[in-house]
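Overview (structure and organization)
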Amino acid sequence: KKRGNAVALLSTLHEITWPDSGWKEVSFTQLMNGAGVRKAYFNACRKLYPDKLPADAPAMQVALSTEIAFILNNAWEKYKSDNGM
């Protein structure tokens, strides 16, 4: 299950983002420690969250962005808890 796994989510996020999102693939090796996961998480927040989309973004993009934010926030909180952060 990827839903609660921040590393799995971040390493596969490129598979579901829209072409001009600015999101680049993150490898597992970049996510091997807390600092790498934290960096990728905050990068995702800057590029993919609904409040970062242009005002005229398509509804489907807004819906996807909203779902990404919800799932990723929950996974990040679980990651922090599981890793004593």
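The structure displayed is predicted, hence computed values, not measured ones.

Quick notes on the environment of Thr-17
- Assignment of secondary structure puts Thr-17 in the loop between α1 (6-12) and α2 (34-48).
- Assessed through its relative accessible area of 15%, Thr-17 is described here as buried.
- Each C-alpha atom of the pair Thr-17 and Gln-61 lies 8.6 Å from the other, and the pair is 44 residues apart in sequence.
- If near-sequence neighbours (up to four positions away) are discounted, Thr-17 is found in contact with Trp-23, Leu-48 and Ile-68.

Some remarks on the environment of Tyr-49
- Among the secondary structure elements, Tyr-49 is positioned in the loop between α2 and α3 (59-82).
- When the C-alpha positions of Tyr-49 and Thr-66 are compared, they lie 6.7 Å apart, and in sequence the two are 17 residues distant.
- Filtering out sequence-adjacent residues up to four positions away, Tyr-49 remains in contact with Tyr-41, Ala-44, Ser-65, Ala-69, Leu-72 and Asn-73.
- Within the local environment of Tyr-49, its side chain forms a polar contact with the side chain of Asn-73, the two groups lying 2.7 Å apart.

Looking at α3
- Between its first and last C-alpha, α3 extends 35 Å over 24 residues, near the 34 Å set by a 1.5 Å rise per residue.
- Within α3, burial applies to Gln-61, Ser-65, Ile-68, Ala-69, Ile-71, Leu-72, Ala-75, Trp-76 and Tyr-79.
- In the core, the buried residues of α3 are packed alongside α1 and α2.

Details of the pattern of salt bridges
- Under the counting rule described, the total for this entry stands at two salt bridges.
- Glu-77 is the salt-bridge partner of Lys-80, the closest N and O atoms lying 3.3 Å from each other. Of this pair, Lys-80 and Glu-77 both sit in helix α3, three residues apart, which is roughly one turn of the helix.
- The class of Lys-80 is partly exposed, set by a relative accessible area of 22%.
- Lys-78 is the salt-bridge partner of Asp-82, the closest N and O atoms lying 2.6 Å from each other. On the criterion of helical spacing, the pair formed by Asp-82 and Lys-78 is a turn pair, its members being four residues apart in helix α3.
- For Asp-82, a relative accessible area of 52% gives the class exposed.

Section: the nonpolar core
- Within the largest apolar cluster, 25 residues are counted, with the highest numbers of intra-cluster contacts made by Leu-10, Val-37 and Leu-72.
- Within the residue set of this core, elements represented by two or more residues are α1, α2 and α3.
- Looking at which element gives the most residues to this core, the answer is α3, with seven residues.
- Contacts of Leu-72, omitting those with residues within four sequence positions, involve Leu-9, Leu-10, Leu-13, Tyr-41, Ala-44 and Tyr-49.

Thresholds, definitions, all that
- Here the residue index of a chain counts from 1 through its sequence in written order.
- Selection of residues for local features in this predicted model requires a pLDDT of at least 70, selection of side-chain atom pairs for listing and counting requires 80 or more, and totals for whole chains, interfaces and linings are taken over all residues.
- Each side-chain value is worked out from all heavy atoms of the structure, with water and hydrogens disregarded.
- Per the convention used, a helix needs a DSSP run of H or I reaching at least four residues, while a strand needs a run of E reaching at least two, with both numbered from the N terminus.
- In this scheme, a residue with accessible area under 20% of its type's maximum is buried, one over 50% is exposed, and one in between is partly exposed, where area comes from a 1.4 Å probe on protein chains only.
- By definition, residues are in contact when any of their heavy atoms lie within 4.5 Å.
- Residues adjacent in sequence count toward polar contacts only when both atoms are side-chain atoms; beyond that, a polar contact is any pair of N or O atoms within 3.5 Å, and within protein one must be able to donate a hydrogen and the other to accept it.
- Any helix carries an expected span of 1.5 Å times its number of residues minus one.
- Basic side-chain nitrogens of Lys or Arg form a salt bridge, by our definition, when they fall within 4 Å of a carboxyl oxygen of Asp or Glu.
- Residue types Ala, Val, Leu, Ile, Met, Phe, Trp, Tyr and Cys, when buried and joined through side-chain atoms within 4.5 Å, form a set referred to as a nonpolar core.

Bear in mind that shape data such as this cannot, by itself, settle questions of function.
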